[in-house]
Amino acid sequence: MTLGPRVGRFGGRCSRDTRAQTGLDFVVGVGLFLLVLGFLVQFVPGMLAPYSDDAELPTVAERVATRLTDAALGDPTSPGELDRTNTTAFFAGGDPDPEAVAAGYSVNVTADGNVTGSPTDPLFHSVGDAPPDDGTVAVVRRVVSIEGEDVLLTVRVWK
């Protein structure tokens, strides 16, 4: 058994078949490394996103908009059609219905359009706190109808 380097017959130099790595081996290894690194950079953030705090905001905003347009302000049998009396009372109240929002969330509901039927009615109504400038805010917009008039209902939800 020999422990030293193998010495070939060609003047003390190692023969070509005993070299450890060729250029092609190096290129394949680096290519595989970059492929795996690219996969990790692309897919790991997406796998971790459902566990972040802000991932549920769009779902909560959608749920609030659906509850408002189908139950609180309208009739579930006629989606997209709001009741003028309920809508006027909602925007005159100053605060959104606490049952329409999950605990721990803030909500702002705005209506861009005539919700009272009066010709002097302002075309913009807002209920709830103003959304923050810094932070994540989920926004859902719905075009609804109040006695034949189109109104843009915007729901903003944040934590």
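Residues numbered from 1 in each chain as written. Predicted model: local features only at pLDDT ≥ 70, side-chain atom pairs only at ≥ 80, totals over all residues. Heavy atoms only, no water.

Take Arg84: it is sitting in helix H3 (residues 84-93). On the basis of relative accessible area, Arg84 is assigned to the buried category, the value being 11%. Here the side chain of Arg84 touches Ile146 through a polar contact of 3.3 Å, landing on its backbone oxygen. Setting aside anything within four residues of it in sequence, one finds Arg84 in contact with Asn114, Val115, Thr116, Gly117, Ile146, Glu147 and Glu149. (Helix = DSSP H or I, 4+ residues; strand = E, 2+ residues; numbered from the N terminus. Buried < 20%, exposed > 50% of the residue type's maximum accessible area, 1.4 Å probe, protein only. Polar contact = N/O pair within 3.5 Å; in protein donor to acceptor, adjacent residues only side chain to side chain. Contact = heavy atoms within 4.5 Å.)

Quick look at the sheet that holds strand S3 (residues 106-112) now. One open sheet holds the six strands; their spatial order is S1-S2-S5-S6-S3-S4, and the pairing between them is mixed. Edge positions in the sheet fall to strand S1 (74-75) and strand S4 (124-128), since each of these pairs with one other strand and no more. Relative to S4, S3 runs antiparallel, the two being bridged by five bridges. By the bridge assignment for S4, Val109 is matched with Val127. In the packing of helix H2 (residues 57-72) onto the sheet, the strands contacted are S1, strand S2 (78-82), S3, strand S5 (138-146) and strand S6 (149-158), and the crossing angle to S5 comes to about 15 degrees. (Pairing = 2+ DSSP bridges. Axes fitted to C-alpha atoms, helices over the stretch in contact; angles between N-to-C directions.)

On to the packing of aromatic side chains. The description of two aromatic rings rests on the distance between their centres and on the angle between their planes. Evaluation of the coordinates by the stated rule reveals two aromatic pairs. Ring geometry for Phe39 versus Phe43: centroids 4.9 Å apart, planes at 45 degrees, classification tilted. Within this pair, Phe39 and its partner Phe43 are both found in helix H1 (residues 23-48), separated by four residues, close to a single helical turn. Look at Phe39 and you get partly exposed, because its relative accessible area is 48%. Residue Phe43 is classed as partly exposed on the basis of its relative accessible area of 43%. Pairing Phe90 with Phe91 gives two aromatic rings, centres 5.2 Å apart and planes at 80 degrees, and the pair type is edge-to-face. (Phe/Tyr/Trp six-rings, centres within 6.5 Å; stacked < 30°, edge-to-face > 60°.)

A cluster of nonpolar residues, Phe26, Val27, Val30, Phe33, Leu34, Leu37 and Val41, forms a patch on the protein surface that exposes about 690 Å² of accessible area. By secondary structure assignment, the location of Leu37 is in helix H1. (Patch = residues over 30% accessible without salt bridge, like charges linked within 9 Å, V, L, I, M, F, W, Y side chains within 5 Å. Areas by Shrake-Rupley, 256 points an atom, 1.4 Å probe, with all protein chains shown as cover. Salt bridge = Lys/Arg side-chain N within 4 Å of Asp/Glu carboxyl O.)

Okay, the pattern of salt bridges next. Tallying each qualifying case throughout the model produces four salt bridges. Of the charged contacts, one joins Lys159 and Glu56 as a salt bridge, the two residues approaching to 3.7 Å between their closest N and O atoms. Taken together, the residues Lys159 in the segment after S6 and Glu56 in the loop between H1 and H2 connect sequence positions 103 residues apart. The network of salt bridges with shared partners includes Arg84, Glu147 and Glu149.

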